[in-house]
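# Reading the structure
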Amino acid sequence: MDSTKKKYESFEVVDLVLNDDFKRLVSEKGNVCLSGFIENSEGYEQNIRIASKIVLGLVQKKESQSLDLKYRLWRQIQNNRRRQKNFAIFRYAAVLILCLSLGGGVFYWVKQPLRIIELAESTPMEYGQFKLILPDGKTVFLTGSNPTVKSTDKGKTLLVNDSIQINQSSEGFNQIIVPYGHRGTVLLADGTQVSLNSGSRLVYPPQFAESKREVYLEGEGFFRVKKNEDKPFCVQTNRFEVRVLGTTFNVQAYENENLYNTVLVEGKVNLKLNRGLLSKSVGLLPNQVASLTENRDQVRVESVSNTSNYTSWVNGYLEFKNGDLESLLKRISMHYNIRINLIGGINQLTINGKLDLTDNPETIIAGVAEIAKMKYKKKGEHNYILYK
C-alpha cells in the first residue's frame with residue numbers, strides 16, 4: 001500500500017467537501033484526477049470529481065467559510081434521528097446551496113431529482129381516504145375498493161374508474177393516496193401500469209420529461225413498465241431508487257415498518273441507495289430480491305423460489321408457499337393497519353396457504369390461526385393475539 005496516498009473514511013461528497021485534508025489536496029493538485037492520490041478510491045471516482053469541483057469553485061469565489069457552516073448545520077440535522085423523515089429534503093437542499101455558485105453540470109445533475117423528492121418528502125400523507133391530488137392542489141376523492149386512474153390524451157386528461165374525465169395541467173405532479181385495506185391502479189402517460197397496495201402513495205408527472213420517466217413511491221407498488229430504451233424509468237423512494245428500461249417488478253418502501261425491498265419478476269433492474277450524490281448500483285435478475293440491511297446503508301441480494309409470495313397482493317390475495325409466520329403477519333398488519341402479537345416463540349413456523357384480502361381483518365386472522373393450528377383473540381378494535 002502506498003504510504004504517500006491519502007486515506008479517507010468516507011467517500012460521500014458531503015464528507016469529502018468538509019474534510020480539511022481533502023481541501024488541501026485539491027488546492028495542491030488543482031483540476032486533475034485525484035483518484036491516484038487516494039487509497040481505496042476505486043468506484044468513487046465520480047464522487048471525488050464532484051467534490052473536487054465544488055471545493056475549487058468555493059475557493060475561487062472565496063465562499064468556503066460560510067458554506068462550510070451551512071454544511072455543518074446540515075450534518076447536525078442528519079444526526080437528528082427524530083427528523084429522519086425530512087432527511088432527503090435537507091440533503092438535496094444542502095447540495096443545492098453548494099452547486100448554485102458553480103452552475104453548469106453539477107447544478108443540473110441535482111436539479112431534476114430535487115423537485116419530485118422535495119414535494120414527496122415535504123408533504124407527508126395520512127392514509128384514511130382514497131384520493132387523487134392534482135398538480136393545482138385540487139383533491140378528487142375516489143370510490144371503490146380498487147379504483148383506477150388512467151392518463152389519456154398523452155397525459156392531458158385523467159380518466160377515473162373509466163367514467164370521470166378530468167382535465168389537468170402538464171406541469172407539476174399528481175399524487176394517488178391508497179388507504180389501508182384497499183388497492184389502486186394507475187396507468188401512466190407512457191403506458192406503464194402501477195398497482196398500489198394498502199397504505200401507499202404514488203407521485204408522478206402528468207407527462208414525462210424527454211430524457212427520463214420518474215415517479216416517487218411510498219408504500220408498495222407493482223410496476224409493469226412500458227419498454228423504452230431511449231428513456232429509462234426510475235422509481236424514487238426515500239431510501240433508494242430503482243432504474244429500468246422496461247420490466248416487471250415489485251417495490252416495498254414502508255418507512256414506519258423499516259421494510260425496503262425490490263423483487264424482480266422479469267427483465268432487469270438496477271437499484272441504487274440514496275447515499276451521497278452518487279453510489280454504486282446493484283443489478284437484479286429475475287427471481288431475485290434486494291433488501292436493505294437493518295441500518296439501511298447496504299443492499300442484500302438473495303434468490304427466491306417463488307416471487308408470488310411478494311406479488312400475489314396485486315390479484316387481491318396473499319399467497320405464501322413455505323413462508324414464515326412472522327413475515328405473513330407483518331404483511332397482514334400493514335395491509336389492514338392493525339397490530340398482531342404472536343405468543344409462544346413460534347415466529348419461524350413455516351406455513352402454506354392463500355388469504356383473500358377482500359375479507360375483513362378478523363376473518364383473515366381466523367384463517368391464519370386455522371392454518372397454523374393456533375388460537376386467536378381480539379383486544380380492542382385494532383389488536384389481535386395469536387397463541388398456541
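It should be noted that the structure appears before, not after, this text.
Residues numbered from 1 in each chain as written. Predicted model: local features only at pLDDT ≥ 70, side-chain atom pairs only at ≥ 80, totals over all residues. Heavy atoms only, no water.

Looking only at helices and strands, the protein features nine helices and 23 strands. For the protein, the residues scored as buried account for 50% of the 388 residues in total. Taking the contacts inside the protein whose residues are at least 6 apart along the sequence as the reference set, 53% of them involve residues at least 24 apart. If you sum the accessible surface of the protein, you get close to 19,400 Å²; carbon and sulfur atoms cover 46% of it. (Helix = DSSP H or I, 4+ residues; strand = E, 2+ residues; numbered from the N terminus. Buried < 20%, exposed > 50% of the residue type's maximum accessible area, 1.4 Å probe, protein only. Contact = heavy atoms within 4.5 Å. Areas by Shrake-Rupley, 256 points an atom, 1.4 Å probe, with all protein chains shown as cover.)

Moving on, we come to the pattern of salt bridges. When their charged atoms lie close together, side chains carrying opposite charge are able to pair. Under the criterion given, the structure shown has 11 salt bridges. Where K212 meets E214, a salt bridge forms, and the shortest distance between an N and an O atom there is 3.7 Å. On the accessibility criterion, E214 (9% relative accessible area) is buried. Linking K272 and E241 is a salt bridge whose minimum nitrogen-to-oxygen distance equals 3.8 Å. (Salt bridge = Lys/Arg side-chain N within 4 Å of Asp/Glu carboxyl O.)

If you check the backbone angles, D162 has positive phi at about 60 degrees while not being a glycine. If you trace the backbone, D162 turns up in the loop between strand 4 (157-160) and strand 5 (164-167). Not every positive phi belongs to a glycine, and N258 is a case in point at roughly 50 degrees. One can find N258 in the loop between strand 13 (248-254) and strand 14 (259-266).

The contact between helix 8 (residues 325-336) and helix 9 (residues 361-371) brings their axes to 11 Å, and the two run at 175 degrees. Judged by the inter-axis angle, helix 8 sits roughly antiparallel to helix 9. Note on element contacts: helix 9 touches helix 8 through P361, I364, I365 and V368, opposite L325, L328, L329, I332 and Y336. Of the residues that constitute the contact of helix 8 with helix 9, the class distribution is nine nonpolar, no polar and no charged. (Axes fitted to C-alpha atoms, helices over the stretch in contact; angles between N-to-C directions. Parallel < 35°, antiparallel > 145°, perpendicular 65-115°, else oblique. Nonpolar A, V, L, I, M, F, W, Y, C, P; charged D, E, K, R; others polar.)

Turning to the layout of surface pockets, a few remarks are in order. Volume-wise, the largest pocket comes out at about 910 Å³. Forming the boundary of the largest pocket are 30 residues, of which L259, N261, Y310, D324 and S327 lie nearest the centre. Taken together, the elements giving at least two residues each to the lining of the largest pocket come down to strand 14, strand 17 (288-292), strand 18 (299-303), helix 7 (308-311), strand 19 (317-324) and helix 8. (1 Å grid on protein atoms, 1.4 Å probe; cavity = no way out; pocket = protein on both sides within 12 Å on 5 of 7 lines; lining within 4 Å. Points joined across faces, edges and corners; volume = space filled by probe spheres on them.)

Tracing the sequence through the fold places H335 in helix 8. Owing to a relative accessible area of 5%, H335 belongs among the buried residues under this scheme. Spatially, the C-alpha atom of H335 lies 5.3 Å from that of G181, the residues being 154 residues apart in sequence. If near-sequence neighbours (up to four positions away) are discounted, H335 is found in contact with Y180, G181, H182, N197, S198 and L357.

Assignment of secondary structure puts N238 in the loop between strand 11 (233-236) and strand 12 (240-244). Within the structure, the side chain of N238 is placed 3.3 Å from the side chain of Y260, a separation counted as a polar contact. (Polar contact = N/O pair within 3.5 Å; in protein donor to acceptor, adjacent residues only side chain to side chain.)

Turning our eyes to something else, we now look at helix 9. Inspection of helix 9 places I364, I365, G367, V368 and A369 among the buried residues, and these make up the whole buried set. A side-chain oxygen of the first residue of helix 9 lies 3.2 Å from the backbone nitrogen of E362; this N-cap is N360. With its phi angle positive at about 55 degrees, K373 sits one or two positions after the end of helix 9.

Overall, mixed pairing links the three strands, which are arranged 20-23-22 in an open sheet. In this open sheet, the two strands that pair with only one neighbour each are strand 20 (339-343) and strand 22 (375-378). Going from strand to strand, the sheet's axes swing by 20 degrees on average, the running direction of each strand aside. Both strand 22 and strand 23 (residues 383-387) contribute to a ladder of four bridges, which runs antiparallel. In the strand pairing of strand 23, Y376 is matched with L386. (Pairing = 2+ DSSP bridges.)

Going through the model one piece at a time under the given rule, you end up with five aromatic pairs. Pairing Y8 with F22 gives two aromatic rings, centres 6.0 Å apart and planes at 75 degrees, and the pair type is edge-to-face. Placement of the pair is Y8 in the segment before helix 1 (13-18) and F22 in helix 2 (residues 20-29), with a sequence separation of 14 residues. Relative accessible area serves as the criterion here: at 9%, Y8 is assigned to the buried category. (Phe/Tyr/Trp six-rings, centres within 6.5 Å; stacked < 30°, edge-to-face > 60°.)

Moving on, we come to the nonpolar core. Ranked by internal contacts, the top residues of the largest apolar core, which has 38 residues, are L132, L202, F223 and F249. Those residues in contact with F223, other than ones at most four positions away along the chain, are Q193, V194, L202, V215, L217, F233, V235, T247, T248, F249 and V251. (Core = buried A, V, L, I, M, F, W, Y, C linked by side-chain atoms within 4.5 Å.)

This part takes up empty space enclosed by the protein. Under the definition given, this model contains two cavities of 30 Å³ or more. As for the largest cavity, its lining consists of N197, S198, E220, Q252, Y254, W313, L318, R331, I332, M334, H335 and L357. Elements represented by at least two residues in the lining of the largest cavity include exactly strand 13 and helix 8. Considering every element that reaches the lining of the largest cavity, the biggest residue donor is helix 8, with four residues.

Geometric values such as these leave the question of function open.
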